[in-house]
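Here's the letter readout for the chains.
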Amino acid sequence: MAKRIDPYMPTPADKFTFGLWTVGNPGADPFGKATRAVLSPAEIVDAIGEQGGAYGVNFHDNDLIPIDATPAEAAQIKKDFRAALRRHKLRVPMATTNLFSDPVFKDGAFTSNDAEVRAYAIHKTMNAMQLGAEFGAKFYVFWGGREGTESDATKDPVVATKRFREAIDFLCDYNKSQKFGYKFAFEAKPNEPRGHMYFSVTGSYLALIPTLKHPEMCGVNPEFAHETMAGLNFTHHVAQALEAGKLFHIDLNDQEIGRYDQDFRFGSVNYKAAFFLVKLLTDYKYKGPKHFDSHAYRQSDPKDVGHFARGSMRTYKILESKVEKFNKNRKIQSLLNKINRDNAKLSKLTRNFSKANAKALLATDFSREKMAKKSLPYEELDQLVFEFLNGA
Ligand code: GCO
Ligand code: MN
Ligand code: MN
């Protein structure tokens, strides 16, 4: 008898990645100590590799090399890490800098009020870019964990924007001069750890990018939990990035609105939101890495952390297969066709401005009453979606 193939088994072609800080998260929180052992980078790679199907492992400079490691210690860690990557055929698609843990960054890195701290932040990032390049990383993420304020008495937000731009322009040129070939991906977050963080939503970075010296090098790394924390529709932010050709990387997890920064397993809270995100990424053929920036519940033991990692990938695959069925579902598609009403004549008029088009448009007779009466059976459609997703 032929072996049944699991259709939800991930493969490296899915480009699922995990960070050292995600699967390796020991479960500490602001109120309590770690509930799991702290693992070495190589042990974390083993834990990811053992699940099968992942594409890569990402790191912050100090996830791999502690900030105060000696050169000999650093060399040994890198050797062990590299061997573990080889064992599991995993790569390092993305690297980033920890510009938030050390007390030196208590008031920000690139936007700090202290020029010495700002210069150190750039210096630390240059070294971290070198480290990432040694492992072949091609995406470089910027998450400004401490860029922000508690009191706006402390910093000028216009000056902060200028300082941030200056740092990025410098690092883009460094990227070029070293031939690292990185694509920079900016990650927005509204708050946590700062009371208010600069560049609070993905759109903030989409607005910054065209003002940079090398906009072509820069895009975004939106995270599900971040817009969701603020009660916003994450998928809409991702859509805007996609449409602008700026969705370089994505952080997948889950989050309840209005709660602390939860970093839950992707799809664990809002199944519907997760589905429509996967639908967007699938329909618009997003090809970049899909990074699970989440961690297992604090109660989980190492075996359960395995379920967390495998579950993250399975959920994505399951939703992806649902997207295909959704796009073929006759009832849903026929409703969608009804709802999207074309009008070739009018569309031609509004597509581009010309004096003739403007004149013809002004001369067009519209019946508001008739238009308003056209049916939009959105209740029917949304109920179909519920039944479809729940297998009724
Ligand atoms: C957070 C962020 C981070 C970043 C990471 C990579 O809320 O803490 O999501 O996990 O993604 O620092 O830049
Ligand atoms: Mn986050
Ligand atoms: Mn993130």
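**Some words on the coordination of the manganese ion (ligand 2)**
Ideal geometry at a metal centre gives angles of 109.5 degrees when four donors are arranged tetrahedrally and 90 or 180 degrees when six donors are arranged octahedrally.
Next up, step 1: Coordination of the manganese ion (ligand 2) by the protein is provided by Glu223 (OE) and His226 (NE2), with metal-donor distances spanning 2.1 to 2.2 Å.
Next up, step 2: The metal-metal distance between the manganese ion (ligand 2) and the manganese ion (ligand 3) comes to 3.8 Å, with Glu223 coordinating both. Each member of the pair, Glu223 together with His226, is buried.

**Brief notes about the packing of helix α11 (residues 302-328) against helix α12 (residues 330-339)**
Axes are the key here: two packed helices are described by the angle between their axes and the distance separating the axes.
Next up, step 1: Contact geometry for α11 and α12: axes closest at 5 Å, N-to-C directions at 60°. For the element pair α11 / α12, the angle class is oblique. Contacts between α11 and α12 involve Phe326, Asn327 and Lys328 from the first element and Arg330, Ile332, Gln333 and Leu336 from the second.
Next up, step 2: When its residues are assigned to classes, the contact of α11 with α12 shows 3 nonpolar, 2 polar and 2 charged.

**Topic: the nonpolar core**
Next up, step 1: Judged by nonpolar contacts, the single largest core of 89 residues is most densely connected at Phe110, Ile168, Phe184, Phe186 and Phe266.
Next up, step 2: Among the elements that take part in this core, α11 stands out by supplying 8 residues, more than any other.
Next up, step 3: Split by domain, this core shows at least three residues from each of two domains, domain 1 (12-327) and domain 2 (330-389).
Next up, step 4: Setting aside residues up to four positions removed in sequence, Phe184 forms contacts with Met129, Tyr140, Phe142, Ile168, Leu171, Cys172, Asn175, Met217, Cys218, Gly219 and Phe248.

**With respect to the packing of aromatic side chains**
Next up, step 1: A full pass over the atoms with the stated rule returns 32 aromatic pairs.
Next up, step 2: Aromatic pair Phe81 and Phe135: ring centres 5.2 Å apart, planes at 70°, arrangement edge-to-face. In this pair, Phe81 sits in helix α4 (residues 71-88) while Phe135 sits in the loop between α5 (115-134) and β4 (139-143), placing the two residues 54 residues apart along the sequence.
Next up, step 3: We classify Phe81 as buried; its relative accessible area is 0%.
Next up, step 4: Judged by its relative accessible area of 9%, Phe135 is buried.

**Details of the pairing of β4**
Next up, step 1: Among the 5 residues in β4, 5 count as buried, and that is most of the element.
Next up, step 2: Burial along β4 is two-sided: Phe139, Val141 and Trp143 facing one way and Tyr140 and Phe142 facing the other are all buried.
Next up, step 3: In terms of strand pairing, strand β3 (residues 94-96) meets β4 through 3 bridges, oriented parallel. Bridge assignment links Thr96 to a residue of β4, and that residue is Val141.
Next up, step 4: One ladder, built from 5 bridges, connects β4 with strand β6 (residues 183-187); its direction is parallel.

**A few points about the pattern of salt bridges**
Next up, step 1: Considering all chains together, one arrives at 14 salt bridges under this definition.
Next up, step 2: One salt bridge connects Asp6 with Arg314, and the closest N-O pair in it is separated by 2.8 Å. Of this pair, Asp6 sits in the segment before β1 (16-19) while Arg314 sits in helix α11; the two residues are 308 residues apart in sequence, bridging distant segments of the chain.
Next up, step 3: Taking relative accessible area as the criterion, Asp6 reaches 31% and is therefore assigned partly exposed.
Next up, step 4: With a relative accessible area of 32%, Arg314 lands in the partly exposed category.
Next up, step 5: The closest approach of N and O atoms between Asp46 and Arg87, which form a salt bridge, is 3.2 Å. Separated by 41 residues along the polypeptide, Asp46 in helix α2 (residues 41-49) and Arg87 in helix α4 bring together distant segments of the chain.
Next up, step 6: Sharing partners across several salt bridges, the network here consists of Asp107, Glu150, Lys155 and Arg194.

**Let's talk about the side chain of His60**
Next up, step 1: Its place among the elements puts His60 in strand β2 (residues 56-60).
Next up, step 2: Leaving out residues up to four positions away in the same chain, His60 has contacts with Trp21, Thr96, Thr97, Asn98 and Phe100.

**A closer look at the site of ligand 1**
Next up, step 1: Inspection of the region around ligand 1 gives 13 residues, with His60, Glu187, Lys189, Glu223 and Asp293 positioned closest.
Next up, step 2: Take Lys189: an N or O atom from its side chain is 2.7 Å from an oxygen atom of ligand 1.
Next up, step 3: At 3.1 Å, a side-chain N or O of His226 approaches an oxygen atom of ligand 1.
Next up, step 4: Expressed as a share of its isolated accessible area of 330 Å², the protein-covered part of ligand 1 is 92%.
Next up, step 5: Residues belonging to the shell around ligand 1 are distributed by class as follows: 4 nonpolar, 3 polar and 6 charged.

**Topic: the side chain of Lys124**
Next up, step 1: Here Lys124 shows up in helix α5.
Next up, step 2: Among the residues examined, Lys124 registers a relative accessible area of 6% and is labelled buried.
Next up, step 3: Non-local contacts of Lys124, meaning those with residues more than four positions away in its chain, are made with Asp61, Asn62, Ile67, Thr97, Asn98, Leu99 and Phe105.

Thresholds, definitions, all that
Residues numbered from 1 in each chain as written. Chains lettered and ligands numbered in written order. Predicted model: local features only at pLDDT ≥ 70, side-chain atom pairs only at ≥ 80, totals over all residues. Heavy atoms only, no water. Donors = N, O, S within 2.8 Å, 3.2 Å for Na, K, Ca; no water. Buried < 20%, exposed > 50% of the residue type's maximum accessible area, 1.4 Å probe, protein only. Axes fitted to C-alpha atoms, helices over the stretch in contact; angles between N-to-C directions. Helix = DSSP H or I, 4+ residues; strand = E, 2+ residues; numbered from the N terminus. Parallel < 35°, antiparallel > 145°, perpendicular 65-115°, else oblique. Contact = heavy atoms within 4.5 Å. Nonpolar A, V, L, I, M, F, W, Y, C, P; charged D, E, K, R; others polar. Core = buried A, V, L, I, M, F, W, Y, C linked by side-chain atoms within 4.5 Å. Domains from an automatic or database assignment. Phe/Tyr/Trp six-rings, centres within 6.5 Å; stacked < 30°, edge-to-face > 60°. Pairing = 2+ DSSP bridges. Salt bridge = Lys/Arg side-chain N within 4 Å of Asp/Glu carboxyl O. Near = heavy atom within 4 Å. Polar contact = N/O pair within 3.5 Å; in protein donor to acceptor, adjacent residues only side chain to side chain. Areas by Shrake-Rupley, 256 points an atom, 1.4 Å probe, with all protein chains shown as cover.

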